[in-house]
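Observations on the model geometry
Chain residues, written in single-letter form:
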Amino acid sequence: MNDSVLNILHRPWVARLNWGLMLYQGAQVNWFSEFTKRTGKEIPKFYIDFLISINGGFIYDLSLYGLTPTLYNSGQLNRSILQCHDLTTANNNWIREFDVDPELFHFGGRSYNYDENVGYFYDDQKILCYRKNGELINNWDTFSNMLSDEIKIVEQEMLGEVPEGIDLTTK
């Protein structure tokens with residue numbers, strides 16, 4: 001645990017400060033209404049529950065966006081501090097990179113291939129995974145099912161990138 005971040009599986013072969021899992025300390029409840037003021041969108045209940053426990057994080061090449069403390073404590077996003085990817089920026093700006101309904105709730109993404117990432121969205125009924133060109137890759141009824149499926153994908157990709165001679169098993 002470091003600076004309100006739980007870091008698991010150091011991966012210096014990727015980058016000096018890279019960890020397989022980086023999970024951030026839960027969000028403050030008063031930030032949720034501030035998010036709505038900044039974006040005009042409501043955070044779905046399933047994601048509020050997640051943010052209260054884990055305010056965003058990285059699971060290998062999957063990113064779940066959070067409410068960045070510097071933005072919600074000072075009013076400005078400080079990029080000199082390692083934080084979760086910003087949920088507000090995702091819903092105000094990054095969503096425009098995708099050919100999707102701009103009213104969707106954009107809460108994460110992962111690597112899709114060497115050249116492209118996909119995004120995770122919610123439409124008040126289902127969780128949707130889209131490519132930037134608007135192609136629907138997958139959809140789920142629950143956040144839990146989405147995480148289960150997507151973590152399997154990014155874990156397999158991560159294991160394929162481990163350099164020869166590195167043993168990730170515990171003894």
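Everything numeric in this text was worked out from a predicted model, so none of it was measured. (Residues numbered from 1 in each chain as written. Predicted model: local features only at pLDDT ≥ 70, side-chain atom pairs only at ≥ 80, totals over all residues. Heavy atoms only, no water.)

1. What to know about the overall build of the protein
Which entries qualify depends on this criterion: We count a stretch as a helix when DSSP gives it H or I for four or more residues in a row; a strand needs E for two or more, and each element gets its number in order from the N terminus. Throughout this description, buried means an accessible area under 20% of the type-specific maximum (1.4 Å probe, protein chains only), exposed means over 50%, and partly exposed covers the range between. In this description, contact between two residues means that some pair of their heavy atoms is separated by no more than 4.5 Å. We get accessible surface area from the Shrake-Rupley algorithm with a probe of 1.4 Å; when it comes to residues, only the shown protein chains can shield them. Within this scheme the basic residues Lys and Arg register as positive and the acidic residues Asp and Glu register as negative, but His and the chain ends are omitted. A charged residue contributes its charge at one atom only: NZ of Lys, CZ of Arg, CG of Asp or CD of Glu.
A count of helices and strands for the protein gives 5 helices and 8 strands. Order of helices (α) and strands (β) in the protein, N terminus to C terminus: β-β-α-α-β-β-α-α-β-β-β-β-α. On the principal axes, the C-alpha backbone points of the protein span a range of 50 × 35 × 25 Å. Out of the 171 residues in the protein, the part that is buried amounts to 43%. For the protein, the share of sequence-separated contacts (at least 6 apart) that also reach a separation of at least 24 residues comes to 46%. A total of about 9,700 Å² of accessible surface is found on the protein, and carbon and sulfur atoms cover 49% of it. Both charge centroids of the protein, one from 14 positive and one from 23 negative side chains, sit 4 Å from each other.

2. Concerning the sheet that holds strand S7 (residues 127-130)
Using the following cut-off: Between any two strands, at least two bridges found by DSSP are needed for them to pair. What counts as an axis is a line fitted to C-alpha atoms, over the stretch in contact for a helix, and the angles between N-to-C directions run from 0 to 180 degrees.
Taken together, 8 strands build an open sheet; the order of strands is S1-S2-S3-S4-S5-S6-S7-S8 and the sheet is antiparallel. Edge positions in the open sheet fall to strand S1 (5-10) and strand S8 (136-140), since each of these has one partner strand only. Neighbour-to-neighbour, the strand axes of the sheet open up by a mean angle of 15 degrees, direction not taken into account. Bridge analysis of strand S3 (residues 54-59) against strand S4 (residues 62-64) gives 3 bridges, and the strand direction is antiparallel.

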